[in-house]
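Analysis of the macromolecular model
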Amino acid sequence: MVQATALPRNEAGIDTAIGILKQQFGDRLQTGDAICEQHGHTTTWITNQPPDAVVFPHSTDEVAEIIRVCAAHKVPVIPFGTGTSLEGHVNAPAGGVSVDLMQMNKILAVNSQDLDCVVQPGVTREQLNTYLRDQGLFFPIDPGANASLGGMASTRASGTNAVRYGTMKDNVIALEAVMPDGEIIRTAQRAKKSSAGYDLTRLLIGSEGTLGLITEVTLRLQGIPEGISSARCSFPSVDAACQAAMMTIQFGIPVARIELLDAASVGACNAYSKLDLPEEPLLLLEFHGSEASVIEQAETFGGIAEEFGGTGFQATTSTEERNKLWQARHDLYWAVLQLRPGATGISTDVCVPISRLAECVTKTQDKATELGLMATVAGHVGDGNFHTLLLIDKSNPDEMGKADDLVGWLNDLAISMDGTCTGEHGIGQGKRPYLQKELGPATRYMKMIKATFDPDNIMNPGKIL
Ligand SMILES: Cc1cc2nc3c(=O)[nH]c(=O)nc-3n(C[C@H](O)[C@H](O)[C@H](O)COP(=O)(O)OP(=O)(O)OC[C@H]3O[C@@H](n4cnc5c(N)ncnc54)[C@H](O)[C@@H]3O)c2cc1C
């Protein structure tokens, strides 16, 4: 495991704050080792740093009360959605109180005429989409995990649909949040656009719980398209698939999804999701529009794919076939883990300008081979974002060292290509040194913002900066 640095603990403050909160929250505050460990350790390769207590609020007022008590005693507060973040985001390096928002999971309003909705932070993306389906609406942001919308806003998440619909930064209209002193604020009204002052909505989005705790999210919704088609095509190399993806975007085809899987990922999908795809690099696409236009878009893509040596092009409008393919894509992480049972998965997350994508992916594959690491590649290639999933025996220091080398090398490579060390997972603990490399002097202004909002550094300390 990568060792996370511990920060000084305020033992007396922690004991006092937990004592006060225990009286108010009773069984909704837990201090058992297992539950605390579970709230520090998630799907990450960074060492577990459990909080001292986990509390389950039901309302914004309860969150405000928790934060006021913690602020009064200078005790860390670590917001917790579903714990699927990948960079040690929910660890508690200075101890403190994890605020688990799973019981704040009400859909408060759906304004279908305005194409928006208001949800509590613990609502998950699948829960919301199941609720919306009968109204002909959907929310497009779909990280591989069934994450909470509060967590997704806090990590500025995206997923397979981002190439068409953008990321959380494009799909959140307003937030309600409890700030580090316990004050409750709204960052905007429900109007679709606004020029009113500093954009606190976008400042809180991606702030990973370090500036405030989000207690309500107002989201932009989409109508379920009249026509949806999906297509798949195999390629002789990952490079050819990336070139075809770039050409598709440059051609202006309004793809809703364009996903790359390398041959090993395809093999993993076949085994895990009972598919029989050719075990070659694959592009998986989806098109949204009128019934006629989605067929036309798929055909245009088919022509482009052919130019890059694409084979086995197939398009379908069958809902069942589509769902099967996309479910397999969403299960890819778990499928790849089965390629080496018992191994730990380490996901990288760089994003580069699309013109550099093919080179970045190919160099990464070569580097993994050179280091003798087992690695697969998959990505949201329409955005230039891809993940290398390393399968590592974490009890083997040599492998862990090489994995660390590859992650660092890749982050540096992406930054050197005018890209970023994280397209969607966020900084957490793991990417902090790379944020500094990527944005240099800008991080000084980030630190000033953090110090102004949270002078006692109680909100998710040790993350981002
Ligand atoms: C298999 C798998 C696939 C994934 N695929 C993708 C993907 O395609 N795209 C992508 O973007 N991510 C992906 N992720 C990463 C992860 O799902 C996202 O980062 C997600 O947004 C985290 O949401 P969560 O509810 O689990 O948040 P958590 O992990 O619980 O928290 C994440 C961060 O947000 C903070 N936080 C949580 N809730 C709040 C709140 N209400 N207010 C303030 N701060 C809060 C936490 O303190 C923490 O810093 C994947 C993860 C896995 C395991």
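This text goes with the structure placed above it.
In this report, we go over the structure that sits alongside the text. (Residues numbered from 1 in each chain as written. Predicted model: local features only at pLDDT ≥ 70, side-chain atom pairs only at ≥ 80, totals over all residues. Heavy atoms only, no water.)

Topic: the side chain of T201
Along the chain, the position of T201 falls in helix α8 (residues 200-204). Aside from chain neighbours lying at most four places away, what touches T201 is V172, I173, A174, L175, T187 and A188. (Helix = DSSP H or I, 4+ residues; strand = E, 2+ residues; numbered from the N terminus. Contact = heavy atoms within 4.5 Å.)

Regarding the nonpolar core
Counting 34 residues, the largest nonpolar core has F235, L260, L283, F287, F301, C360 and F386 as the members making the most contacts within it. Going through the elements one at a time, β12 (227-234), α9 (238-250), β13 (255-261), β14 (282-289), α11 (291-307), α14 (357-371) and α15 (397-416) are the ones with two or more residues in this core. Sequence-distant contacts of L260, defined by excluding residues within four places in its chain, comprise V238, A241, C242, L282, L283, V377, A378, G379 and V381. (Core = buried A, V, L, I, M, F, W, Y, C linked by side-chain atoms within 4.5 Å. Buried < 20%, exposed > 50% of the residue type's maximum accessible area, 1.4 Å probe, protein only.)

Remarks on the pairing of strand β10 (residues 213-220)
Across the 8 residues that make up β10, a large majority, 7, are buried. Two strands pair when backbone bridges link them, and strand β6 (residues 116-119) and β10 are joined in this way by 4 bridges, in the antiparallel orientation. The residue of β10 that forms the bridge with C117 is L219. Across 6 bridges, strand β8 (residues 172-178) lies against β10 in antiparallel orientation. From the neighbouring strand, L175 faces β10, where its bridge partner is V217. (Pairing = 2+ DSSP bridges.)

As for the site of the ligand
In the vicinity of the ligand, 36 residues are found, and the nearest of them are P79, G81, T82, S85 and S148. Between the ligand and S154, the relevant distance is 2.9 Å, taken from a nitrogen atom to a side-chain nitrogen or oxygen of the residue. E424 has a polar side-chain atom sitting 3.0 Å from a nitrogen atom of the ligand. Here the ligand, which alone exposes 970 Å², has 97% of that area covered by the protein. Looking at the shell around the ligand, the elements with two or more residues in it are β3 (77-80), α5 (149-155) and β10. Here the element with the most residues in the shell around the ligand is α5; it accounts for 5 residues. Here the shell around the ligand is built from residues that sort into 14 nonpolar, 20 polar and 2 charged. A domain split of the shell around the ligand shows at least three residues from each of domain 1 (107-223) and domain 2 (227-425). (Near = heavy atom within 4 Å. Polar contact = N/O pair within 3.5 Å; in protein donor to acceptor, adjacent residues only side chain to side chain. Areas by Shrake-Rupley, 256 points an atom, 1.4 Å probe, with all protein chains shown as cover. Nonpolar A, V, L, I, M, F, W, Y, C, P; charged D, E, K, R; others polar. Domains from an automatic or database assignment.)

Remember, this is a structural readout, not a statement about activity or role.
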